[in-house]
Amino acid sequence: MYATEIAEKVRRGELDPLAALESALERMARHDGLIHAFLQQNPAARDEAARVRERLDGGEELPLAGVPVAVKDNISTRGLRTTCASAVLREFVPPYDATVVERLRAAGAVIVGKTNLDEFAMGSSTEYSHFGPTRNPWDPERAPGGSSGGSAAAVAAGMVPVALGSDTGGSVRQPAAFTGTLGFKPTYGRISRFGLVAFASSLDQIGTFARSTADLALISSVLMGHDPRDATSLEEPAPRLEPNPEAARGLVLGVVRETVQEGNSPGVTAALAAFRERLEAEGVRFVEVSLPSLRYALAAYYLVATAEASSNLARYDGVHYGSRAAAANVRELMKKTREQGFGPEVKRRILMGTFSLSSGYYDAYYGRALKVRRLIAAEFARAFEEVDLLLTPTSPTPAFPLGSKTDDPMEMYLSDVDTVAVNLAGLPALSIPAGFEEGLPVGAQLIAPPLAEQRLFDAAALFEAATEGAFLQTAPLE
Ligand code: GLN
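So, here's what we can say about the structure. Treat the numbers as computed from the prediction; the structure is a model and nothing was measured. (Residues numbered from 1 in each chain as written. Predicted model: local features only at pLDDT ≥ 70, side-chain atom pairs only at ≥ 80, totals over all residues. Heavy atoms only, no water.)

**Observations regarding the overall build of the protein**
- Counting its regular elements, the protein contains 17 helices and 11 strands.
- What you see for the protein is a C-alpha radius of gyration of 21 Å, in line with the 23 Å of a compact globule of 478 residues.
- A principal-axis box enclosing the C-alpha atoms of the protein has dimensions of 65 × 55 × 45 Å.
- Scored against the burial criterion, the 478 residues of the protein give a buried share of 60%.
- In the protein, the proportion of contacts linking residues at least 24 apart, taken out of those at least 6 apart, comes to 77%.
- Total accessible area on the protein stands at roughly 18000 Å², and carbon and sulfur atoms take up 52% of it.
- The averaged location of the 59 negative side-chain charges in the protein is 5 Å from the averaged location of its 47 positive side-chain charges. (Helix = DSSP H or I, 4+ residues; strand = E, 2+ residues; numbered from the N terminus. Rg over C-alpha atoms; globule rule 2.2 N^0.38 Å. Buried < 20%, exposed > 50% of the residue type's maximum accessible area, 1.4 Å probe, protein only. Contact = heavy atoms within 4.5 Å. Areas by Shrake-Rupley, 256 points an atom, 1.4 Å probe, with all protein chains shown as cover. Lys, Arg positive; Asp, Glu negative; His and termini not counted. Charge placed at Lys NZ, Arg CZ, Asp CG, Glu CD.)

The following block contains the structure:
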């Protein structure tokens, strides 16, 4: 059932929130042994569901009444372990809820559990999890994408209608594309990051997954808006998103030449062409635009992201947070805690980031990456003087086989080639299921100017209506 339906039925008293939860739990019990989307269930979920009924009876208005939600395990949940899929936080129980979790609870949602990710959200396949990979519900031999692979798989498998992820370089959009779900990353600052474990603070945004545009708008609207506890939170009011297909007719979409020219698999190319045709038939106009600096986006992203990560991850020293190695003195304590607590990809990033920030290399690497970042933002701004939205693939290929990229970091990084520039520029974007390649979902990415989230949802709604939701199916599990 969709989140919109659950909330409405629960509010009208036609559906017991406990029953909605039980059906999510049943689906998890049946499939999560194979899929491994969840790292843990919320033991308090039943109590929380029971309270929803009482709150409604008490006259509260709950936009997400009784909706089961999955939350990525780098988002703080009070009293519920938040591990970031890392050994260093394996027993960490936060003393507070992230703002997004507070808002979900206030809206009547029921948090069913915490989902798997690449350690500290560093990766593109969910294989760099300390607790083992998540499998793609469309083909269990393939990766669900990452780093929010657990949340994407939980939605794709029909365990929950909606879920939270985080997107630093594509970690909501790319797994959405790989699992045939909708994935939304708002403008930087639109959704509070208070309680999101920091990876690269100038890029990190919380995002959402769903299987319909209406559901995606519903949960995203609950989360968006100013939060005084996050210094980067935008003051602008965030009006409720109301997907309106009619408003999308007459929009001008710019196809980004650099992202469709080469390097995409045939199914991705075909899906993008079909996406365009479908929307053209609905009165959307397409033009071609060029963003030449995009070719430097991946390099700039991996410099900025690792530099910030190396600084953010300094706090895991065995003193302040998480697990603590046995040691004779403080120096050894920090060394051993980090050596034993971090996996290889996280260590690689700390090394790269420390290197690019070190004196003598700063100007050549980190400093230049910042300049490229500004160029990219300027090119986007110029493009948006001519078009309303930009269109690119979400990723150059559909989901790849498990194990096929874990030994080659460069190959893994390349699956983010179409998503990272959006984070560098702080823009809102959405991945829309737009086709299949040999039975695997393919995603199209729409990018909007800052704060123009509504436009993304209008276009997504028009595509969904025009295709009658043909690409928005639950994965065919047994
Ligand atoms: N895959 C990218 C990386 O590894 C993006 C990760 C993310 O968005 N959290 O950095």
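**Focus: the site of the ligand**
- Close contacts around the ligand come from 15 residues, with Gly169, Ser171, Tyr301, Arg349 and Asp416 the closest.
- At 2.8 Å from an oxygen atom of the ligand is found a main-chain nitrogen or oxygen belonging to Thr168.
- In the complex, the protein chains occlude 100% of the 290 Å² of accessible area that the ligand would expose alone.
- Classifying every residue of the shell around the ligand by side-chain character gives five nonpolar, seven polar and three charged. (Near = heavy atom within 4 Å. Polar contact = N/O pair within 3.5 Å; in protein donor to acceptor, adjacent residues only side chain to side chain. Nonpolar A, V, L, I, M, F, W, Y, C, P; charged D, E, K, R; others polar.)

**Points about the nonpolar core**
- The biggest cluster of nonpolar side chains holds 87 residues, and the ones touching the most others in it are Leu64, Ile75, Val100, Leu104, Phe275, Leu430 and Leu446.
- Leave out the neighbours within four places in its chain, and Leu446 touches Leu253, Phe275, Leu389, Leu390, Leu391, Pro428, Ala429, Leu430, Ile432, Leu456 and Ala459. (Core = buried A, V, L, I, M, F, W, Y, C linked by side-chain atoms within 4.5 Å.)

**Regarding the pairing of strand β4 (residues 162-167)**
- Within β4, six of the six residues are buried, which leaves it mostly tucked inside the rest of the structure.
- Neither face of β4 is exposed, since Val162, Leu164 and Ser166 on one face and Ala163, Gly165 and Asp167 on the opposite face are all buried.
- Sheet topology note: the strand β2 (residues 68-72)/β4 ladder contains three bridges and is parallel. Across the sheet, the residue bridging to Ala70 is Ala163, located in β4.
- By the bridge criterion, six bridges tie β4 to strand β6 (residues 205-210) in an arrangement that is antiparallel. Along β6, the bridge assignment pairs Ala163 with Phe209. (Pairing = 2+ DSSP bridges.)

**Overview of the sheet that holds strand β10 (residues 429-437)**
- Strands sit in the order β1-β3-β2-β4-β6-β5-β10-β11-β9-β7-β8 across an open sheet of 11 strands; the sheet is mixed. Taken across any chain shown, the strands that pair with only one partner, and hence form the sheet edges, are β1 (38-41) and β8 (285-289). Adjacent strand axes in the sheet meet at a mean angle of 30 degrees when their direction is disregarded.
- Bridge count between strand β7 (residues 252-256) and strand β9 (residues 389-393): three bridges; the pairing is parallel. Bridging from a neighbouring strand, Val255 pairs with Leu391 of β9.
- Of the strands in this sheet, β5 (182-185), β9, β10 and β11 (440-447) are in contact with helix α17 (residues 453-466), which crosses β10 at around 20 degrees. (Axes fitted to C-alpha atoms, helices over the stretch in contact; angles between N-to-C directions.)

**Digging into the packing of aromatic side chains**
- Applying the stated criterion to the full structure yields 19 aromatic pairs.
- Taken together, a centroid distance of 6.1 Å and an interplanar angle of 70 degrees make the contact between Phe120 and Phe342 edge-to-face. With Phe120 in the loop between β3 (110-115) and α5 (149-156) and Phe342 in the loop between α12 (330-341) and α13 (344-357), the pair connects residues that are 222 residues apart, well separated along the chain.
- Of the residues examined, Phe120 reaches a relative accessible area of 2% and is grouped as buried.
- Ring geometry for Phe355 against Tyr365: centres 5.8 Å apart, planes inclined by 55 degrees, an arrangement best described as tilted. You can see Phe355 sitting in helix α13 and its partner Tyr365 sitting in helix α14 (residues 363-383), a full 10 residues away along the chain.
- Put simply, the rings of Phe92, Phe120, Tyr316, Tyr321 and Phe342 pair up and form one aromatic cluster.
- The ring of Phe400 has Lys405 sitting right over it, with the charged end atom 4.9 Å from the ring centre. (Phe/Tyr/Trp six-rings, centres within 6.5 Å; stacked < 30°, edge-to-face > 60°. Lys NZ or Arg CZ within 6 Å of the ring centre and 35° of its normal.)

**Looking at unusual backbone geometry**
- Between Gly146 and Ser147 the backbone carries a cis peptide bond, its omega angle lying at 10 degrees.
- Within the secondary structure layout, Ser147 lies in the loop between β3 and α5.
- The backbone phi angle of Thr126 is positive, close to 65 degrees, even though this residue is not glycine.
- Positive phi, close to 50 degrees, is recorded for Glu468, a residue that is not glycine.
- One can find Glu468 in the segment after α17.

**Describing the pattern of salt bridges**
- In the structure shown here, the tally under the stated rule is 24 salt bridges.
- Between Lys336 and Glu332 there is a salt bridge, and its shortest N-O distance comes to 3.4 Å. With Lys336 and Glu332 both in helix α12 and four residues apart, this pair spans about one turn of that helix.
- With its nearest N and O atoms 2.6 Å apart, the salt bridge here joins Glu345 to Arg348. Of this pair, Glu345 and Arg348 both sit in helix α13, three residues apart, which is roughly one turn of that helix. (Salt bridge = Lys/Arg side-chain N within 4 Å of Asp/Glu carboxyl O.)

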